[in-house]
Amino acid sequence: MSDVVIKGLKKIYDNKVTAVHDVNLTIKDKEFIVLVGPSGCGKSTTLRMVAGLEDISEGELYIDGKLMNDIAPKDRDIAMVFQNYALYPHLSVYENMAFALKLKKTPKPVIDKKVQEVAEILDITQYLTRKPKALSGGQRQRVAIGRAMVRDPKVFLMDEPLSNLDAKLRNQMRAEIIKLRQRINTTFMYVTHDQTEAMTLADRIVIMKDGYVNQIGTPQELFNKPVNLFVAGFIGTPIMNFFDDCRLLLENDKYIAEIRGVKFELDEFQQKALKSRGQKPCSVICGIRPQHISVGKGELSAKVEVSELLGSEYNLHARSGNDEVVMVIPTVDLETDVSMGSEISFTTKPKLIQLFDKESGNNLIWFDQASADAHAPECAKY
């Protein structure tokens, strides 16, 4: 078992700046967890505390049920892959991969066997005699991953390992990491600022902002049930549309979202959620994903400013009143003119509308203050 349990983890630097606030997280054995968020959100600092490269100011870290706060990094049975590969330039690929095992005085036949096995998995056997400078970025990253793999760690830590690669190579390496995860079957903790990476790799995603955890969930949960404006705007490509001039109405005991004068009666689940919290009519921000918009019907109107044909779909950038609206429309569903400057009508299904409180930024349907408080103080505040 290689569970990682983080309780109330906090990082305060000498200048009194708090980089990480009260992080609580349980990573199950063999789970792939991705920490994601903008630069400076505390994700890498959290990973470095797990690795032992940063001291823990407050809180507790357990790996395999053992308290690790004061355990040296080399004794935590973890392996870390860095953004810049961190390979020894004067050593061959074989020597780089074998380095940690030699330090442990592992017998040479065992080292040979492990290095050859891992090299075969990563398809770098042909590079074992080369120096890192003779390899491409993707090949160097495979070597860095291989150097970690040969140690058979309980936990794999990866700090933005693909950020130095070009877009094509990043896509290839993402697929390699997915395949690798299936073969080595260990616990992964992965840091990235790229939400596409997070969505494609993770079992669960931890979204951080300003040192706080905003939401933890599966990729689908974060896409469909964002707890606040930050999560809604961070997850999803293109990002969610936000309509500012909206109201939540209560008519004939039914909640209605009014967007630019057009009324949408919310579905049964939304009705129950709002009634359970005793929600009163108020001004709200309505969120609609670009993929959840239908064009050519409905009472909402917009003017197309940019029309991008991407083969199977159009990405439309339009203006509806003061709101900029992005729409992703499959070409097979399109029966109206969407060229630049054209006037179009659009709509969405009421159940796909997200409702955000204007003051707190919290989602009126999905934000649960009780569970947020139980998770960590202020963990889901916008």
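Note that this is a predicted model, so its numbers are computed, not measured. (Residues numbered from 1 in each chain as written. Predicted model: local features only at pLDDT ≥ 70, side-chain atom pairs only at ≥ 80, totals over all residues. Heavy atoms only, no water.)

1. Focus: the overall build of the protein
Here is the rule: Secondary structure is summarised from DSSP: a helix means a run of H or I of at least four residues, a strand means a run of E of at least two, and numbering begins at the N terminus for each. Only protein chains enter the accessibility calculation, which uses a 1.4 Å probe; a residue is then buried when its area is under 20% of its type maximum, exposed when over 50%, and partly exposed in between. Here, residues are in contact when the closest pair of their heavy atoms is within 4.5 Å. Each accessible area is a Shrake-Rupley estimate made with a 1.4 Å probe; only the visible protein chains count as cover when residues are assessed.
Helix and strand content of the protein: ten helices and 19 strands. By principal-axis analysis of the C-alpha atoms, the protein measures approximately 75 × 45 × 35 Å. Every one of the 382 residues in the protein was classed for burial, and the buried ones make up 49%. Restricting to contacts in the protein with at least 6 residues of sequence separation, those with at least 24 account for 67%. Here the protein displays about 18,200 Å² of accessible surface, and carbon together with sulfur accounts for 48% of that area.

2. Re the sheet that holds strand S1 (residues 4-12)
The criterion, for reference: We treat two strands as partners when DSSP finds at least two bridges between them. In this description, a line fitted to the C-alpha atoms serves as the axis of each element, helices being fitted only across the stretch in contact, and the angle between N-to-C directions of two axes falls anywhere from 0 to 180 degrees.
Read across the open sheet, the four strands follow the order S2-S1-S4-S5; overall the sheet is antiparallel. Lying at the two open borders of the sheet, with one neighbouring strand each, are strand S2 (18-27) and strand S5 (66-67). Each of S1, S2 and strand S4 (58-63) is contacted by helix H1 (residues 43-51), which is oriented at about 115 degrees to S1, the strand it contacts most.

3. Comments concerning the side chain of Asn96
Inclusion rule: N or O atoms within 3.5 Å of each other form a polar contact, as long as, within protein, one can give a hydrogen and the other can take it, and as long as residues adjacent in sequence are counted only when both atoms are side-chain atoms.
Relative to the assigned elements, Asn96 resides in helix H2 (residues 93-103). Judged by its relative accessible area of 0%, Asn96 is buried. Among the polar contacts listed, one links the side chain of Asn96 to the backbone oxygen of Leu91, at a separation of 3.2 Å. Excluding anything up to four places from it in sequence, Asn96 contacts Leu87, Tyr88, Leu91, Pro132, Val143 and Arg147.

4. Some details on the nonpolar core
Convention followed: By nonpolar core we mean a set of buried residues, namely Ala, Val, Leu, Ile, Met, Phe, Trp, Tyr and Cys, connected to one another through side-chain atoms within 4.5 Å.
Counting residues in each nonpolar core, the largest one holds 49 residues, and the members touching the most others are Met97, Val115, Ile145, Met158, Ile177, Tyr190 and Ile207. Residues within four places of Met158 in sequence aside, it is in contact with Leu47, Val81, Ile145, Ile177, Phe188, Met189, Tyr190 and Val191. Within the second largest apolar cluster, 34 residues are counted, among which are Phe243, Leu248, Cys282 and Ile329.

5. Things to note about helix H9 (residues 268-276)
Note the following rule: Comment: arc refers to directions from the helix axis out to C-beta atoms.
Those residues of H9 that sit buried are Gln270, Gln271, Ala273 and Leu274. Here the buried residues of H9 occupy an arc of 165 degrees about the axis, which is enough to place them on one side. For H9, exposure combined with an orientation more than 90 degrees from the buried face picks out Glu268, Lys272 and Ser276. At its buried positions, H9 is contacted by strand S11 (241-251), strand S12 (254-259), strand S13 (262-265) and strand S19 (354-357). At the exit of H9 stands Gly278, carrying a positive phi of roughly 60 degrees.

Nothing here speaks to function; it is geometry throughout.
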